[in-house]
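# Breakdown of the fold
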Amino acid sequence: MSEPIHLEQVSPHCVAAIDPRLGSNAAAVILENFIVLVDAGMRPYAARLFKQTLEGKFRLPVKFACVTHYHHDHTFSLSGLKDVTLFASAQLAENMRTSPDWTPEAFERWRQGEEDGGKWLEEAEFIIPPLLFHGTLDILDQGKAVEFHHAGGHTSDSVYGYYPEEKVLFAADLLFSERFPFAGDTGCDPEKWMSALHTWLTLDIEKVIPGHGPVCGMDEVKRALEFMEKMKANTLDTIVAGGVDVEIPLPDTYPITEHAAWFAERTRKRWFEFYKG
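One structure accompanies this document, and this report is about it. Residue positions within a chain follow its written sequence, with the count starting from 1. Under the rules for a predicted model, residues below a pLDDT of 70 receive no local features and side-chain atom pairs below 80 are neither given nor counted, while totals for whole chains, interfaces and linings still include all residues. Water and hydrogen atoms play no part in the side-chain values, which are based on all heavy atoms of the structure.

On to the side chain of Glu 166. A helix here means a DSSP run of H or I that spans at least four residues, while a strand means a run of E at least two residues long, and both kinds are numbered starting from the N terminus. By the element assignment, Glu 166 lies in the loop between β10 (159-163) and β11 (168-176). Although Glu 166 is buried, it forms no salt bridge, and the closest oppositely charged side chain is Lys 144 at an N-O distance of 6.1 Å. Setting aside anything within four residues of it in sequence, one finds Glu 166 in contact with Ser 11, Pro 12, His 13 and Cys 14. Working definition: with a 1.4 Å probe on protein chains only, accessible area under 20% of the residue-type maximum means buried, over 50% means exposed, and in between means partly exposed. The sign given to each residue is positive for Lys and Arg and negative for Asp and Glu; His and the chain ends receive no count. One speaks of a salt bridge when a side-chain nitrogen belonging to Lys or Arg is within 4 Å of a carboxyl oxygen belonging to Asp or Glu. A contact between two residues is defined here by any heavy atoms of the two lying within 4.5 Å.

And the structure:
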């Protein structure tokens, strides 16, 4: 039998799941009568195990799951949550339909990168959440609300969650904690991304669950905002000087690891295109 997904208790009723089997961070809010997920990772078997771990520990059903954006490490898992009501921003539907992640060529690349040859990919199904929203959506139970907001930024469909009752932010991939962010999606909007971070600074938040990296506090949000403001300034300076994207100086906010090198390349390219117009 598989080991349960590791749960980190972030607040009395909020948990983070930072487990390599998921492929990206997931989280949950334990309400009075049911559980709400915020993402469920990449692999269907791990999503099922996450759900089973939560239901076994808290003796409540997982009823809803927010899919924060269309990237494969957040959507390949959805077949593992077939008895859960999935929801996302309305923009996610179009992004999934045009995503290159679901092509046979992409699947072959994923398989080559997996230790077991990616057998779990046979379970990945193209599933668009049935509940799509514009703007904001609240999940209510016994007078307590988990808020979800379509912000854009990281991708055009990016959503974050907030549980004001316990001052917990579910940042999803709008925050990469302690690491270089992927800011190179073709729909990445740096201005909307920075706007979301500025909004967070006005909220009463004590704990932040990022899409990647460890649980953190608001200092990490400020660090991410500092990175983006420097990246914007460097991009504009490069454009004014008549330079090209590869000449944009990268802020020294985060180390450029081997894994992050591709992120950095794509980020330069997208930000140059965005600000040059």
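Let's pick the thread back up.
A cavity here means a set of points on a 1 Å grid, drawn over the protein atoms and nothing else, where a 1.4 Å probe fits but cannot get out; a pocket is an open set with protein on both sides within 12 Å along at least five of seven lines, and a residue lines either one if it has an atom within 4 Å of a point. Grid points are joined across faces, edges and corners, and a volume is the space filled by probe spheres set on the points. Here the structure, examined in full by the defined rule, presents 2 cavities of 30 Å³ or more. Empty space within the largest cavity amounts to approximately 50 Å³. Of all the elements in the fold, those that place two or more residues in the lining of the largest cavity are β3 (26-30), β11 and β12 (207-212). Here the element with the most residues in the lining of the largest cavity is β11; it accounts for 3 residues. Charged means Asp, Glu, Lys or Arg here, nonpolar means Ala, Val, Leu, Ile, Met, Phe, Trp, Tyr, Cys or Pro, and polar covers whatever is left, Gly included. Of the residues contributing to the lining of the largest cavity, the split by class is 8 nonpolar, 1 polar and 1 charged. Here the second largest cavity is characterised by a volume of approximately 40 Å³. Taken together, Leu 174, Leu 175, Phe 176, Arg 179, Pro 181, Trp 193, Ala 224, Phe 227, Met 228 and Tyr 254 form the lining of the second largest cavity. Among the elements of the structure, β11 and α6 (218-240) are those that each provide at least two residues to the lining of the second largest cavity. Residues of the lining of the second largest cavity, tallied by class, amount to 9 nonpolar, no polar and 1 charged.

Attention now moves to the packing of aromatic side chains. Only centres within 6.5 Å qualify two rings of Phe, Tyr or Trp (six-membered ring in Trp) as a pair; their planes then separate them into stacked at under 30 degrees, edge-to-face at over 60, and tilted for everything else. Using the criterion set out here, one finds 18 aromatic pairs in the structure. Each ring, one from Phe 76 and one from Phe 107, has its centre 5.2 Å from the other, and the planes form 50 degrees; the classification is tilted. Residue Phe 76 is located in the loop between α2 (72-75) and β6 (85-89), and its partner Phe 107 is located in helix α4 (residues 104-112); the two are separated by 31 residues in the primary sequence. The same class applies to Phe 76 and to Phe 107, which are both buried. One aromatic cluster is present, formed by Phe 76, Trp 102, Phe 107, Trp 110, Trp 120 and Phe 126 through successive ring pairs. Either the NZ atom of lysine or the CZ atom of arginine qualifies as a charge over a ring when it sits within 6 Å of the ring centre and within 35 degrees of the ring normal. Above the ring of Phe 58, the side-chain terminus of Lys 57 is found at 5.6 Å from the ring centroid. It is Lys 63 that lies over the ring of Phe 34; its NZ or CZ is 5.0 Å from the centre.

Considering all chains together, one arrives at 14 salt bridges under this definition. Ionic pairing is found between Glu 191 and Lys 232, a salt bridge with its closest N-O pair at 2.9 Å. Taken together, the positions of Glu 191 in helix α5 (residues 190-201) and Lys 232 in helix α6 put the pair 41 residues apart, joining distant regions of the chain. Residue class for Glu 191 comes out partly exposed when judged on its relative accessible area of 33%. The closest approach of N and O atoms between Arg 223 and Glu 220, which form a salt bridge, is 3.4 Å.

We now examine the nonpolar core. Within the largest apolar cluster, 36 residues are counted, with the highest numbers of intra-cluster contacts made by Ala 28, Ile 35, Leu 37, Phe 50, Leu 54, Phe 76 and Leu 81. With residues near it in sequence (within four places) discarded, Phe 76 still touches Met 42, Pro 44, Asp 101, Trp 102, Phe 107, Trp 110, Trp 120, Leu 121 and Ala 124. Residues grouped as a nonpolar core are buried Ala, Val, Leu, Ile, Met, Phe, Trp, Tyr and Cys residues, joined through side-chain atoms within 4.5 Å.

All right, on to the sheet that holds β12 then. Adjacent strands of a sheet pair through backbone hydrogen bonds, lying either parallel or antiparallel. Any two strands are treated as partners once DSSP identifies two or more bridges connecting them. Strand order across the open sheet formed by 5 strands is β8-β9-β10-β11-β12, with mixed pairing between neighbours. At either margin of the open sheet sits one strand with a lone partner, and together these are β8 (136-141) and β12. Geometrically, the sheet is characterised by an average inter-axis angle of 25 degrees between neighbouring strands, direction not taken into account. Pairing between strand β9 (residues 144-150) and β10: 4 bridges, direction antiparallel. The residue of β10 that forms the bridge with Glu 147 is Tyr 162. To get an axis, fit a line to the C-alpha atoms, keeping to the stretch in contact for a helix; angles then go from 0 to 180 degrees between the N-to-C directions. The sheet strands contacting α5 are β10 and β11, and the helix crosses β11 at an angle near 155 degrees.

Before going further, it helps to examine the pairing of strand β4 (residues 35-38). Residues Ile 35 and Leu 37 of β4 are buried on one face, and the alternating residues Val 36 and Val 38, pointing to the opposite face, are buried as well. Bridge analysis of β3 against β4 gives 4 bridges, and the strand direction is antiparallel. Considered in β4, the bridge of Ala 28 is made with Leu 37. As defined by bridge partners, β4 adjoins strand β5 (residues 62-66) across 4 bridges and the pair is classed as parallel. Bridge assignment links Ile 35 to a residue of β5, and that residue is Val 62. With the strands pointing away from the viewer, any crossover whose connection runs clockwise from the first strand over the helix to the second is right-handed. After leaving β4, the chain enters helix α1 (residues 44-58) and then returns to the sheet as β5, a path that is right-handed.

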